[in-house]
Amino acid sequence: MTLKSLTPKEIVTELDKYIIGQDNAKKFVAIALRNRWRRQQVEGHLQEEISPKNIIMIGPTGVGKTEIARRLARLAQSPFLKIEASKFTEVGYVGRDVESMVRDLTNLAVNMVRSEERRKVDKKAALLAEDRLLDLLVPPGPKPTAPPESTDTKVLESPFEVQKPAEPALSTKEKFRRMLKDGKLDHKDVEMDVSQNMSMPMVEVFSNAGMEDMGSGLKDVFGKMFPQKPKRKKVQVSEALRLLTMEEAEKLIDEDKVIQNAIQRTEQSGIIFLDEIDKITSRHDGAHQGGEVSREGVQRDLLPIVEGSNVNTKFGMVKTDHILFIASGAFHLCKPSDLIPELQGRFPIRVELDSLGEKEFYRILTEPENALIKQYIALMATEGIELIFDDESIHEIAKIGAKVNQKTDNIGARRLHTMLERLLEDLSFNAPDMEEGEFKVTASYVREQLDNIASDEDLSRFIL
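Residue numbering note: each chain is counted from 1, following its sequence as written. The model is predicted, so local features are restricted to residues of pLDDT at least 70 and side-chain atom pairs to those at 80 or more, both for listing and for counting; the totals for chains, interfaces and linings are taken over all residues. Neither water nor hydrogens contribute to the side-chain values; these are computed over all heavy atoms in the structure.

Undergrad: Quick rundown of the overall build of the chain? Include the residues and the values.
TA: Numbering goes from the N terminus for both helices and strands, where a helix is a DSSP run of H or I of at least four residues and a strand is a run of E of at least two. Scanning the chain from terminus to terminus reveals 19 helices and 11 strands. For every residue, the accessible area (1.4 Å probe, protein chains only) is compared with the maximum for its type, and the residue is labelled buried under 20%, exposed over 50%, or partly exposed between those bounds. Within the chain, the fraction of its 464 residues that count as buried is 39%. Partitioning the contacts of the chain with sequence separation of at least 6, the portion at a separation of at least 24 is 79%. A contact between two residues is defined here by any heavy atoms of the two lying within 4.5 Å.

So this is what it looks like as structure tokens:
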């Protein structure tokens, strides 16, 4: 399914396979993704004037904010970067500068496009690598020498007799080719030249204004000045074939084209997920604390990136005008209006995500394609044990999970991970020594394992 064929309803349907509830958030991100395709269909200068509608998701931890953005990026096959806003600091302070997220996104896009190009040339690279490996296993014999020149035309017309000895060598090579394809040579050793990356000292003294990239930048520069030195090594045939395939693939890939396409993909379809944006808000109740200046400074540094600017990367300039920014935060101690007004205006869509209760927990455990219970059933199947959850036991897990979230910190669906690990702790430990068969989880078993812990508030804080 391509981006062109994905309507907002189809996007929501795809998200429903993995995320329970949060219909408003799904609706808004589906519209934002479809608007990207719509903008690309607009002709003329107006296309550049249409900016993405950035989104702020508001809701407690564990309700699906990150998962919605991550699944959206997969659907669109877009470069996607998740970064915590609290990692950034104002220019002049120790920490990462905000432009680094655009550089990281561009690196991801380059790797994504390179992987796609590698898949296109995989078959051709495999054939070339196979020929190179066969030349190592069966070195070609000496070239046949031509007979002495003669003015006798009858001698010239007769076939060369010296070409006959080449036939056995050819047949030997084909025999080795068949053995190689059948895997009969995988554990044999072969000597070959392996490229060695020169070890360069990493520079990490500087950390602001893009200086955290200086280490990789210097490595690239010195890598061009001092090319890689091949080293003669003895490796297994299977490993040699893999290394040679990689080498041949790199030769077939047009690196300039990769970088050009990656920058275009970053600019036109990149998605940056700014998590914990509430951690960089400033309090306006008169109670200024340490770091207030730095927090507001980060917001002011973010502003030009979000509204559109040129960022210098090692692959060239990247425009951020059409990158989609999705910010999220719990906003327990503050509210979105505590952000500086200029930044608020760059996030026109605000959507509040609902807290999860017992009903949502039950659906999370059973409905998604990657549901937790399905994962544990698959894990136990590898030990020859058929793990069975009856419906009542799943309801009991959901009930206890919601209860613990109410009594202690509300960590959303992440509570279910902790509970299932605790519930199946003994089974996971003893599974390799158990006889193959089935293990049924009932509601009484769930209560036996979890009820005492869940009822003790202090104990549940440490264990659940």
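Undergrad: Give me the nonpolar core: which residues, what numbers.
TA: Grouped together as the largest cluster of nonpolar side chains are 56 residues, with contacts concentrated most on Ile-326, Phe-389, Ile-397 and Leu-423. Here Phe-389 is in contact with Ile-373, Ile-377, Ile-394, Ile-397, Leu-420, Leu-423, Leu-424 and Val-441, once residues within four sequence places are set aside. Ile-83, Val-98, Cys-334 and Phe-347 belong to the second-largest nonpolar core, a separate cluster that totals 32 residues. To define a nonpolar core, start from buried Ala, Val, Leu, Ile, Met, Phe, Trp, Tyr and Cys residues and group those joined through side-chain atoms within 4.5 Å.

Undergrad: I'd like a description of the pattern of salt bridges, backed by residues and values.
TA: Between Lys or Arg on one side and Asp or Glu on the other, a salt bridge is scored when a side-chain nitrogen of the former is within 4 Å of a carboxyl oxygen of the latter. Using the criterion set out here, one finds 25 salt bridges in the structure. Residue Glu-14 pairs with Lys-17 through a salt bridge whose shortest N-O separation is 3.2 Å. Lys-17 gets classed as partly exposed once you look at its relative accessible area, which sits at 30%. When the shortest N-O distance is used, the salt bridge between Glu-116 and Arg-265 registers 2.8 Å. Taken together, the residues span a long stretch of sequence, with Glu-116 in helix α5 (residues 100-137) and Arg-265 in helix α10 (residues 255-269) at a distance of 149 residues. When its relative accessible area of 23% is taken as the criterion, Glu-116 is described as partly exposed. Looking at Arg-265, the relative accessible area reads 21%, which means it is partly exposed. One salt-bridge network, held together by shared partners, links Lys-82, Glu-84, Lys-87 and Asp-275.

Undergrad: Requested: an account of the pairing of strand β7 (residues 316-319), with residues and values cited.
TA: Pairing geometry for strand β6 (residues 310-313) and β7, over four bridges, is antiparallel. Across the sheet, residue Thr-313 finds its bridge partner in β7, namely Gly-316. Strand pairing is defined by DSSP finding a minimum of two bridges between the two strands. Connecting β6 to the antiparallel partner β7 that follows it, the hairpin turn spans two residues.

Undergrad: An account of the side chain of Thr-408 is needed here, citing residue identities and associated values.
TA: Mapped onto the secondary structure, Thr-408 falls in the loop between α15 (391-407) and α16 (414-423). Judged by relative accessible area, Thr-408 falls into the buried class, the value being 11%. Each polar contact in these results corresponds to two N or O atoms within 3.5 Å; when the atoms are within protein, one needs to be able to donate a hydrogen and the other to accept it, and residues that are neighboring in sequence are counted only if both atoms are side-chain atoms. Of note is the side chain of Thr-408, whose polar atom sits 2.7 Å from the backbone oxygen of Val-404. Engagement of the side chain of Thr-408 in a polar contact is seen with the side chain of Arg-415, the distance being 3.1 Å.

Undergrad: Please set out the confidence of the model for the chain residue by residue, giving values where relevant.
TA: Values of pLDDT, the confidence the predictor places in each residue, fall between 0 and 100. Model confidence for the chain is summarised by a mean pLDDT of 80, while 78% of its residues fall at 70 or above. Of all helices and strands in the chain, the one with the weakest mean pLDDT is helix α6 (residues 153-157) (43), whereas helix α14 (residues 372-381) scores best (93). This stretch, residues 150-167, has a pLDDT under 50; its non-local contacts, to residues over four places away or in other chains, come to four contacts. When the criterion is pLDDT under 50, residues 198-210 qualifies, and its contacts beyond four places in sequence or with other chains add up to 27 contacts.

Undergrad: If you had to explain the sheet that holds strand β1 (residues 55-58) to someone new, which residues and values would you point to?
TA: With parallel pairing, the five strands of this open sheet are ordered in space as β2-β5-β8-β1-β9. Edge positions in the sheet fall to β2 (80-84) and β9 (349-352), since each of these pairs with one other strand and no more. This sheet shows a mean twist of 20° between the axes of neighbouring strands, independent of strand direction. In this structure, strand β5 (residues 271-275) lies alongside strand β8 (residues 324-329), joined through four bridges in parallel fashion. Considered in β8, the bridge of Leu-274 is made with Ala-327. Under this scheme, a helix contributes an axis fitted over its contacting stretch, all axes are lines through C-alpha atoms, and angles between N-to-C directions fall in the 0 to 180 degree range.

Undergrad: Tell me about helix α9 (residues 237-252), and please be specific about residues and values.
TA: An α-helix turns once every 3.6 residues. As a result, residues three or four positions apart point the same way. Here a helix's expected span is defined as the number of its residues, less one, multiplied by 1.5 Å. In this model, α9 (16 residues) spans 22 Å end to end at C-alpha, consistent with the 22 Å of a helix rising 1.5 Å per residue. Looking at α9, one finds that the buried residues are Val-237, Ala-240, Leu-243, Leu-244, Thr-245, Glu-248 and Ala-249.

Undergrad: I'd love a proper account of the packing of aromatic side chains, names of residues and values included.
TA: Between the rings of Phe, Tyr and Trp (Trp by its six-membered ring), a pair exists once the centres lie within 6.5 Å; its type follows the angle of the planes, with under 30 degrees stacked, over 60 edge-to-face, and the other angles tilted. With the rule as written, the count across this model stands at one aromatic pair. Taking 5.7 Å as the distance between ring centres and 80° as the angle between the ring planes, the aromatic pair formed by Phe-439 and Tyr-445 counts as edge-to-face. When its relative accessible area of 15% is taken as the criterion, Tyr-445 is described as buried. One cation-aromatic arrangement involves Arg-71 over Tyr-18; the distance from NZ or CZ to the ring centre is 3.8 Å. Our definition puts a charge over a ring when NZ of Lys or CZ of Arg is within 6 Å of the ring centre and also within 35 degrees of the ring normal.

Undergrad: Go over the environment of Glu-392 with me, naming the residues and quoting the values.
TA: On the secondary structure map, Glu-392 appears in helix α15. Linking Glu-392 and Thr-442, residues 50 residues apart in sequence, is a C-alpha distance of 6.9 Å.

Undergrad: Any chance you could break down the side chain of Asn-54 for me, citing the residues and the numbers?
TA: As for its position among the elements, Asn-54 is in the loop between α3 (46-49) and β1. Overall, Asn-54 belongs to the buried group, its relative accessible area being 3%. Apart from the residues lying within four places of it in its own chain, the contact partners of Asn-54 are Val-306, Ile-323, Leu-324, Phe-325, Arg-346, Phe-347, Pro-348 and Ile-349.

Undergrad: How would you sum up the environment of Leu-243? Please name residues and give values.
TA: With respect to the helices and strands, the residue Leu-243 is situated in helix α9. For Leu-243, a relative accessible area of 19% gives the class buried. Remark: the alpha-carbon pair of Leu-243 and Ala-129, spanning 114 residues in sequence, is separated by 8.5 Å. Dropping the residues within four chain positions of it, Leu-243 is found in contact with Met-192 and Val-194.

Undergrad: Explain the environment of Lys-82 to me, using residue names and the numbers behind them.
TA: Assignment of secondary structure puts Lys-82 in strand β2. Counting along the chain gives 192 residues from Lys-82 to Leu-274, while the straight-line C-alpha distance between them is 6.3 Å. What Lys-82 contacts, discounting residues up to four positions off in sequence, is Thr-66, Phe-273 and Asp-275. A polar contact is formed between the side chain of Lys-82 and the side chain of Glu-84, at a distance of 2.7 Å.

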